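Geometric and topological summary
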2 protein chains.
Amino acid sequence: MRLKLLVAQYYFPREAFDPLRRYADIYWLEDMGAEELDRVLPQVDFMFSHGWPRRLDAAMASKMKKLRYVQAGNAGVDGMGFDLFDRKVVFCSNVGGYSEEVGEFAVALMLAAAKKIVMFDRAVRAGEARKGIDATAQNRMATRVSVLRGKSLGVIGYGEIGKATARLARGLGMKTLAFGRREVRERGVASFRGRAGLMEMLRRSDVLVLALPLTKKTKGFIGREEFAAMKPDAIFVNIARGEVVDEEAAYEHLAGNPGFTFATDVWWDRDGRESFSPRLPFLKLENFFGTPHVSGPSALMTRSASRNAVANMVRFCRGEPLRNVVDTSEY
Amino acid sequence: MRLKLLVAQYYFPREAFDPLRRYADIYWLEDMGAEELDRVLPQVDFMFSHGWPRRLDAAMASKMKKLRYVQAGNAGVDGMGFDLFDRKVVFCSNVGGYSEEVGEFAVALMLAAAKKIVMFDRAVRAGEARKGIDATAQNRMATRVSVLRGKSLGVIGYGEIGKATARLARGLGMKTLAFGRREVRERGVASFRGRAGLMEMLRRSDVLVLALPLTKKTKGFIGREEFAAMKPDAIFVNIARGEVVDEEAAYEHLAGNPGFTFATDVWWDRDGRESFSPRLPFLKLENFFGTPHVSGPSALMTRSASRNAVANMVRFCRGEPLRNVVDTSEY
């Protein structure tokens, strides 16, 4: 018997799922009316979704008696509806599908922070640098520029995205410091573990990139004490999830340390959703800048994300071991 | 007899010149009154200056009968007062003193352009992305992000800065295309020469970095035809001199091609001086952004620029061959 795949929310082109047609019938949630959905749900063997669709609430989920496997479109699987199923359903994240693209984005944010590009562009547009070159003033401005060659990058969460970021940064001549649960035994990488290890890495790094998944344990992971341990002129880049950083601690630290820079692509939640308009007035700060969570989605265009997710679903169809299985107890 | 060095304009700390004290007496232009200057000028053997000081006009220059060598603090030596001397005075540029720092800056500009960091930050601050995540809108925004891995970088002027830029870009997984007067025989670099070669490279590159010196021949080098040859969604980065680009051609191209991005650290002249307030309204464009000529000065902090210049002056004192001798007929 052919397998049945339900594609719920998806940001890939439909053709990206073509390699699965050999093994499975594909049902698109958006194409189905209530009646058809009622008939299909009990037969679904596996499912794909970017985030969790509102339409599949607890009542709907309870009808999916045959469901064995959910493939996430996202690398970060916070909010994936794990608790809708009491039975043994395997969830897989799309870790690796975005690493190169998000890593490149993280390097772009750290370089933009080091060169003060956003701040300088704003100053030029506002006419603050209008009067033409006065070499002394110009050289004074240049003292605000950092050169990253030879500096230390601390990666908080040395997973696929963290590794990709560090590899690109090494190409710029930066040293890699890595914090994670497991010891990193990679040539040229200094490994830090545990609370004391984290604090030491924070003290020693010139640039920090946050690349931890958002789980119960990592919510608010970077707080007052962690910011205080960082160098006063450090660059902090978040390409993980907004909520891994304590919003108030971040604001206070930025307000009190004008030489410190926070660059982000991910934002804090308001009313249960990520919002580009934070509760605290970050957007008035000179030493904060951000992009509206576009680092991951940029991997939709390179097709890296769809290839990675579809390859895992092909493994499922062939009865091969799945990759990136999520420990749902952490969420 | 000890040599005499006149330090005219300098942006290095005075200590940077210390290695020369073994060979030469150092005179600081800013310390000298008219009388002392009159007495010293005829005895000066060599001189150091960042740009050319107004005080040393033609009358003053004519008094420097013993002058044999001028070391520039800058890598680009346009405006160095070459025609003040009819005698054989050797001018040396400070090529190499800024390459790593300016190369890193060029990569920062190209990544900021690729990720639309300035534009997105402005949109977020203006509240345009305020309503929280709507996945469709967010994915649409992300289609404006470019991933540079695998893309082609065309370097216009493959000197020290061009090479440093290309090397860092290769670390991001970019291919190198190089245009210059000489054929480039470097592994992994496609070499282009002559007018036809330039046009072909412009057509094939996703990102272009302009790194030519400003000379009589390169003024307005990138004009209407050159812009027209570039891909409509190319990224163009200028870390050379504003005047190497035709200002009107650039403005028209940007206004007519919203997908094209121009990122610059260097600006066009107004009233004979580089001005951060261009004559045409570049600062109103979404697809243009810039920093106030801080890429080079950032090398003042790493001391790379002073080490390079002082090393050449030490060569002069020891009677060793000088490096970076300028062909003044080009200026």
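Report follows, based on the coordinates. Think of each chain on its own: its residues are numbered from 1, step by step along the sequence as written. The naming scheme follows written order: chains are lettered A onward, ligands numbered 1 onward. The predicted nature of this model means local features are confined to residues of pLDDT at least 70 and side-chain atom pairs, given and counted, to a pLDDT of 80 or more, with totals for whole chains, interfaces and linings taken over all residues. For side-chain calculations, the full set of non-hydrogen atoms in the structure is used, while hydrogens and water are omitted.

In this text, helices come from DSSP runs of H or I with a minimum length of four residues, and strands from runs of E with a minimum of two, each type numbered from the N-terminal end. In terms of helices and strands, chain A carries 11 helices and 14 strands. Note that the radius of gyration is over C-alpha atoms, with the globule rule given as 2.2 Å times the number of residues to the power 0.38. For chain A, the C-alpha radius of gyration of 22 Å lies close to 20 Å, the compact-globule estimate for 331 residues. Its C-alpha atoms give chain A principal-axis dimensions of about 75 × 45 × 35 Å. Partly exposed residues are those whose accessible area sits between 20% and 50% of the maximum for their type, while under 20% is buried and over 50% is exposed, using a 1.4 Å probe and protein chains only. When the 331 residues of chain A are sorted by exposure, 59% land in the buried category. Within chain A, contacts between residues separated by at least 24 positions form 64% of all contacts whose residues are at least 6 apart in sequence. All accessible-area figures derive from a Shrake-Rupley calculation using a 1.4 Å probe, and residue coverage is judged against the displayed protein chains alone. Entry remark: accessible area of chain A is about 14100 Å², with carbon and sulfur atoms responsible for 49%. Across chain A, the 51 positively charged side chains and the 40 negatively charged ones have centroids separated by 4 Å. By definition in these notes, contact holds between two residues if any of their heavy atoms fall within 4.5 Å. Here the positive residues are Lys and Arg and the negative ones are Asp and Glu; neither His nor the chain ends is included. Every charge is mapped onto a representative atom, which is NZ of Lys, CZ of Arg, CG of Asp or CD of Glu.

On to the environment of F17 of chain B, then. All names here are of chain B. Relative to the helices and strands, F17 is located in the loop between strand 1 (3-7) and strand 2 (24-28). Through-space distance from the C-alpha of F17 to that of R203 is 46 Å; in sequence the pair is 186 residues apart. Ignoring anything within four residues of it in the chain, the contact list for F17 reads V7, Y10, F12, I26, W28, F48, V310 and M313.

Turning our attention to the nonpolar core. To qualify as a nonpolar core, a set must consist of buried Ala, Val, Leu, Ile, Met, Phe, Trp, Tyr and Cys residues joined through side-chain atoms within 4.5 Å. The biggest cluster of nonpolar side chains holds 130 residues, and the ones touching the most others in it are L5 and F17 of chain A together with F17 of chain B. Once residues within four sequence positions are removed from consideration, F17 of chain A is found in contact with L5, V7, Y10, F12, I26, W28, F48, V310 and M313 of chain A.

Superposition of the copies was done by least squares, using only C-alpha atoms of residues whose pLDDT is at least 70 in both. For the pair chain A and chain B, the best superposition has an RMSD of 0.0 Å and corresponds to a rotation of 180 degrees with a translation of 0.0 Å parallel to the axis. The superposition operator between the copies reduces to a two-fold rotation axis. Residue G171 of chain A, judged by its C-alpha, is the member of chain A lying nearest the rotation axis, at 2.3 Å. The residues that chain A uses at the interface reappear at the interface of chain B in 100% of cases, marking a shared surface.

As a further point, take the sheet that holds strand 5 (residues 90-92) of chain A. Residues and elements named next belong to chain A. Note on pairing: DSSP must find at least two bridges between two strands before they are called paired. What the five strands build is an open sheet, ordered 2-1-3-4-5; its pairing is parallel. Because the sheet does not close on itself, it has two edges, and the strands there are strand 2 (24-28) and strand 5. Between one strand and the next, the sheet's axes are offset by a mean angle of 20 degrees, whatever the strand orientation. Bridge count between strand 1 (residues 3-7) and strand 3 (residues 46-49): three bridges; the pairing is parallel. Interaxial angle, 0 to 180 degrees, is taken between N-to-C directions of lines fitted to C-alpha atoms, where a helix line uses only the stretch in contact.

On to the pairing of strand 2 of chain A, then. All names here are of chain A. Across the five residues of strand 2, four count as buried, placing the element largely inside the fold. Where strand 1 and strand 2 come together, five bridges link them in parallel fashion. From the neighbouring strand, L3 faces strand 2, where its bridge partner is A24.

Take the sheet that holds strand 1 of chain B next. All names here are of chain B. In space, the five strands of this open sheet follow the order 2-1-3-4-5, with parallel pairing throughout. Two strands bound the open sheet, and with one partner strand each, they are strand 2 and strand 5 (90-92). For this sheet the average axis-to-axis angle between neighbouring strands, irrespective of direction, equals 20 degrees. Sheet topology note: the strand 4 (residues 69-72)/strand 5 ladder contains three bridges and is parallel.

Each partner contributes residues to the interface: chain A has 58 residues there, and chain B has 58 residues. The term buried area refers to how much accessible surface (probe radius 1.4 Å) is lost by two components on association, counted for both of them together. Regarding the contact of chain A and chain B, the summed buried area is about 5300 Å², with carbon and sulfur atoms giving 65% of it. The rule for a salt bridge is simple: a side-chain nitrogen of Lys or Arg has to be within 4 Å of a carboxyl oxygen of Asp or Glu. In this assembly, chain A and chain B are joined by six salt bridges. The partner of E104 of chain B in a salt bridge is K115 of chain A, and the shortest N-O contact between them spans 2.8 Å. Under this definition, polar contacts are N or O atom pairs within 3.5 Å; protein pairs additionally need one hydrogen-donor-capable and one acceptor-capable atom, and for neighbouring residues in sequence, both atoms have to be side-chain atoms. In this assembly, chain A and chain B are joined by 16 residue pairs in polar contact (both at pLDDT 80 or more).

Looking now at helix 5 (residues 135-142) of chain A. Of all the residues in helix 5 of chain A, the buried ones are Q138, N139 and A142 of chain A. Seen along its axis, helix 5 of chain A keeps its buried residues to an arc of 95 degrees; they face one direction. Projecting away from the buried face of helix 5 of chain A at angles above 90 degrees are the exposed residues T136 and R140 of chain A. Buried positions along helix 5 of chain A lie against helix 10 (298-302) of chain B. The directions considered for the arc are those from the helix axis to the C-beta atoms.

Further remarks concern the packing of aromatic side chains. Residue and element names in this part refer to chain A. Two rings from Phe, Tyr or Trp (for Trp, the six-membered ring) form a pair when their centres are within 6.5 Å of each other. A pair whose planes differ by under 30 degrees is stacked, one over 60 is edge-to-face, and the rest are tilted. Per the counting criterion, the structure on display carries 50 aromatic pairs over all chains. For the ring pair Y10 and W28, a centre distance of 5.2 Å and an interplane angle of 50 degrees mean the geometry is tilted. In this pair, Y10 sits in the loop between strand 1 and strand 2 while W28 sits in strand 2, placing the two residues 18 residues apart along the sequence. Here Y10 falls in the buried class, since its relative accessible area comes to 17%.

What follows covers the packing of helix 4 (residues 117-125) of chain A against helix 4 (residues 117-125) of chain B. How two helices pack is summed up by the angle between their axes together with the distance between the axes. Contact geometry for helix 4 of chain A and helix 4 of chain B: axes closest at 10 Å, N-to-C directions at 70 degrees. Here helix 4 of chain A lies roughly perpendicular to helix 4 of chain B, going by the angle between them. Note on element contacts: helix 4 of chain B touches helix 4 of chain A through I117, V118, D121, R122 and R125 of chain B, opposite I117, V118, D121, R122 and R125 of chain A. Any angle between 65 and 115 degrees counts as roughly perpendicular, while under 35 counts as roughly parallel, over 145 as roughly antiparallel, and the rest as oblique.

The next subject is the packing of helix 3 (residues 99-114) of chain A against helix 6 (residues 160-171) of chain A. Residue and element names in this part refer to chain A. Interhelical geometry of helix 3 versus helix 6 gives an angle of 50 degrees and a closest axis separation of 8 Å. Comparing the axis directions of helix 3 and helix 6 gives the class oblique. Crossing of helix 3 over helix 6 shows right-handed handedness. Counting all contacts with helix 3, which are made through S99, E100, V102, G103, E104, A106, V107 and M110, the residues of helix 6 involved are E160, I161, A164, T165, R167, L168 and A169. Grouping the amino acids of the contact of helix 3 with helix 6 by side-chain chemistry returns eight nonpolar, three polar and four charged. Two helices crossing with the near one rotated counterclockwise from the far one by less than a right angle form a left-handed crossing, whereas a clockwise rotation gives a right-handed crossing. Each residue gets one label: Ala, Val, Leu, Ile, Met, Phe, Trp, Tyr, Cys and Pro are nonpolar, Asp, Glu, Lys and Arg are charged, and the others, such as Gly, are polar.

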